Amino acid sequence: MAVPSATVLLEAVAAYLAEIEPGLTGRAAFHAKVAGNVLAVVARELDQQPERAEAAAFASLLGPGATAADVCERLRDGRLTIATPGLLDALLTATTARLAVDNPRYSTLGRLTGTTR
Amino acid sequence: MIDTAALAALLSRAHGAPVAVDSVTALSGGASSATYAVAARAGGNDWPLIFQCSAAALEPGQLSKATQAELQRIAARHGLPVADVIAVTAPGDGLGDGFVMARVAGEALAPRWLKGAAFAGARAALTTQSATALARLHAVPLAEFAPLPLAGGTPREQCARLDAAYRSYHVDLPAFDLAFGWATERLGDHAPAALVHGDFRSGNLIIDEHGLAAVLDWELAHLGDPAEDLGWLCVNAWRFGHWQLPVGGFGERAALYDAYAAAGGAPVDRAMAQVWEVYGTLRWGMACLQLVHDHLSGRVPSVERAAIGRRITEVEADLLYLLKHGSI
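Residues numbered from 1 in each chain as written. Chains lettered and ligands numbered in written order. Predicted model: local features only at pLDDT ≥ 70, side-chain atom pairs only at ≥ 80, totals over all residues.

1. A word on the overall build of chain B
Then, in step 1: Scanning chain B from terminus to terminus reveals eleven helices and nine strands.
Then, in step 2: For 328 residues, the compact-globule estimate of 2.2 N^0.38 gives 20 Å, and chain B sits close to it at 20 Å.
Then, in step 3: A principal-axis box enclosing the C-alpha atoms of chain B has dimensions of 60 × 50 × 40 Å.
Then, in step 4: The 328 residues of chain B split such that 44% are buried.
Then, in step 5: Here the analysis covers contacts within chain B between residues at least 6 apart in sequence; of these, 67% occur between residues at least 24 apart. (Helix = DSSP H or I, 4+ residues; strand = E, 2+ residues; numbered from the N terminus. Rg over C-alpha atoms; globule rule 2.2 N^0.38 Å. Buried ≥ 20, exposed ≤ 12 C-beta atoms within 10 Å, placed from the backbone. Contact = placed C-beta atoms within 7 Å.)

2. With respect to the domain arrangement of chain A
Residue and element names in this part refer to chain A.
Then, in step 1: The domain boundaries assigned to chain A delineate domain 1 (6-48) and domain 2 (50-113).
Then, in step 2: For domain 1 and domain 2, the distance between their C-alpha centres works out to 29 Å.
Then, in step 3: Counting residues at the interface gives four residues for domain 1 and four residues for domain 2.
Then, in step 4: Looking at the side of domain 1 that touches domain 2 residue by residue, the class counts come to one nonpolar, one polar and two charged. (Domains from an automatic or database assignment. Nonpolar A, V, L, I, M, F, W, Y, C, P; charged D, E, K, R; others polar.)

3. As for the packing of helix 5 (residues 155-168) of chain B against helix 6 (residues 174-186) of chain B
Residues and elements named next belong to chain B.
Then, in step 1: One way to put it is that helix 5 packs onto helix 6 with a least axis distance of 10 Å and a crossing angle of 165°. In terms of their interaxial angle, helix 5 and helix 6 are classed as roughly antiparallel. The handedness of the crossing between helix 5 and helix 6 comes out as left-handed. Of helix 6, the residues touching helix 5 (which contributes R156, C159, A160, D163 and Y166) are F176, F180, A183 and T184.
Then, in step 2: When its residues are assigned to classes, the contact of helix 5 with helix 6 shows six nonpolar, one polar and two charged. (Axes fitted to C-alpha atoms, helices over the stretch in contact; angles between N-to-C directions. Parallel < 35°, antiparallel > 145°, perpendicular 65-115°, else oblique. Left-handed = near helix turned anticlockwise from the far one by under 90°.)

4. Looking at the confidence of the model for chain B
Then, in step 1: Scored by pLDDT, chain B has a mean of 94; 99% of the residues are at 70 or more.
Then, in step 2: Of the two predicted TM-score estimates for the complex, the pTM is 0.94 and the ipTM is 0.94. (pLDDT = per-residue confidence, 0-100.)

5. Digging into the domain arrangement of chain B
All names here are of chain B.
Then, in step 1: By domain assignment, chain B separates into domain 1 (4-102) and domain 2 (110-325).
Then, in step 2: Here the C-alpha centroids of domain 1 and domain 2 sit 26 Å apart.
Then, in step 3: With 16 residues of domain 1 at the contact, the number on the domain 2 side is 15 residues.
Then, in step 4: A per-element tally of the side of domain 1 that touches domain 2 places helix 2 (residues 65-77) first, with seven residues.
Then, in step 5: Each residue belonging to the side of domain 1 that touches domain 2 can be placed in one class, and the counts come to eight nonpolar, seven polar and one charged.

6. Some remarks on the environment of H138 of chain B
Residues and elements named next belong to chain B.
Then, in step 1: Looking at the secondary structure, you find H138 in helix 4 (residues 120-139).
Then, in step 2: Classification of H138 by C-beta neighbours within 10 Å gives buried; the count is 23.
Then, in step 3: In this structure the C-alpha to C-alpha distance between H138 and A26, which are 112 residues apart in sequence, comes to 33 Å.
Then, in step 4: With sequence-adjacent residues up to four places away left out, H138 is seen in contact with A194, P226 and G265.

7. A short note on the nonpolar core
Then, in step 1: In terms of nonpolar packing, the biggest core is built from 105 residues, with L11, V100, A179, A183 and L230 of chain B touching the most fellow members.
Then, in step 2: Excluding anything up to four places from it in sequence, A183 of chain B contacts C159, V275, V278, Y279 and L282 of chain B. (Core = buried A, V, L, I, M, F, W, Y, C linked by C-beta atoms within 7 Å.)

8. What about the interface of chain B and chain A?
Then, in step 1: Counting from both sides, the interface comprises 25 residues of chain B and, opposite them, 28 residues of chain A.
Then, in step 2: Among the elements of the structure, helix 6, helix 10 (303-308) and helix 11 (312-325) of chain B are those that each provide at least two residues to the side of chain B that touches chain A.
Then, in step 3: Broken down by element, the residue count for the side of chain B that touches chain A peaks at nine residues, all from helix 11 of chain B.
Then, in step 4: Across the side of chain B that touches chain A, the residue classes break down as twelve nonpolar, five polar and eight charged.

9. Looking at the pairing of strand 2 (residues 33-42) of chain B
All names here are of chain B.
Then, in step 1: Summarising the sheet, strand 2 and strand 3 (residues 45-54) pair through ten bridges and their orientation is antiparallel. Looking across to strand 3, one finds that T35 is bridged to Q52.
Then, in step 2: Linkage of strand 2 to strand 3, two consecutive antiparallel strands, is achieved through a turn of two residues, within which G43 is found at a positive phi near 55°. (Pairing = 2+ DSSP bridges.)

10. Side note on the packing of helix 4 of chain B against helix 8 (residues 253-262) of chain B
Residues and elements named next belong to chain B.
Then, in step 1: Contact geometry of helix 4 with helix 8 gives a least axis separation of 8 Å together with a crossing angle of 45°. In terms of orientation, helix 4 and helix 8 fall into the oblique class. Classified by chirality, the crossing of helix 8 by helix 4 is right-handed. Across the interface between the two elements, T127, T128, S130, A131, T132, L134 and A135 of helix 4 pack against A255, L256, A259 and Y260 of helix 8.

11. Section: unusual backbone geometry
Then, in step 1: Of note, the phi angle at Q49 of chain A is positive, near 45°, even though the residue is not glycine.
Then, in step 2: Tracing the chain through its elements places Q49 of chain A in the loop between helix 2 (26-48) and helix 3 (50-62).

12. Quick look at the pairing of strand 3 of chain B
Then, in step 1: Alignment of strand 3 of chain B against strand 5 (residues 98-102) of chain B, held across five bridges, turns out to be antiparallel. Across the sheet, the residue bridging to Q52 of chain B is F99 of chain B, located in strand 5 of chain B.

13. A word on helix 5 (residues 87-102) of chain A
Then, in step 1: Along its 16 residues, helix 5 of chain A runs 22 Å from first to last C-alpha, staying within 8% of the 22 Å computed at 1.5 Å per residue.
Then, in step 2: What helix 5 of chain A keeps buried is the set A90, L91, L92, A94, T95, T96, A97, R98, L99, V101 and D102 of chain A.
Then, in step 3: Here the buried face of helix 5 of chain A lies against helix 2, helix 3 and helix 6 (107-113) of chain A together with helix 6 and helix 11 of chain B. (Expected span 1.5 Å × (residues − 1).)

Here it is, written out as structure tokens:
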């Protein structure tokens, strides 16, 4: 036996929410549902670690260690533009990695990855 | 709480005969305004009404309910389907800044009328009806709005204000910066040509079995470029999952543009329509940022507001898709 991992703890809280949800109404019931969705986002983030794909995408544009702030700064001062080779695809790679965590059922994710027509 | 006696007095004055108010039920309330269903009676008949009022002091740039009521009256005169304005509050009424309008029968919840079989005929008619309503609104001479305190500016100025609001949050979203730069370059410097409803989307319409029964929520109306309303109606967030139908989840762009021109609207430039869709998507993204800021700043702490912060990724994906493929 090991002490519960973060994922196991999340699953325990999600199970608890599911247990109390039928007894809730109105705003409390709605917020419990939202809270359950939030737990699922956190679980996917721990599992998929989208920050890695994001860092790799930004590095492909500006070199190792580049951050979103670096990319934004260059977009604002015009050093990066929509015509910069690889820019749009790098941003798409970073965004699809995070969207797969934040809302894997969102239609645009399927359209970007070719799984929804 | 709403003072029902004060409301009855206001309605009696407007009606010219005694009106009783049996109940006032809160329907929705935001930070800036609240909406109530009013069960009234006049001459022995039930009179279902809606009362809308501002929550507190008006924020800078926020339209008063009196102004919104006047906009609805002007829209009605020009043939738009809107709820009849029954009475507007005066300072001595004890009801704050508000107005009473008729309660229009129909379905206001877009997920229901976008899906229900009973609304199939309504959905088939709605693209043309929306185009016609917008064309009529955009044809109203600007002089009719001259007495009203409406915001306005060139498209580029409007976009610059939105961009400044984005920067004020000090958040780094590359897709937003890319889209702001792209849209700013393409939006023109022309003076406002029309009244823009500003929030004409599936969630702000009342739909009955024949289609469009009423256009609601005039609080974001401003003077601007009519193409903004057409772009906003096509933003992915208002399709409620029916993403294959770009016009609000119920119609096709070509049909919207053709019906708009047929009803007297200016011919739609497809490239500019795309720019306005990018702008509209940015506006929705800014609404998400505002809501998550309410949580982060402690103004309205809630798990719901926090969760909306992750919907910003949906907006980023939509922006990038629009820029890469031209339409979404």
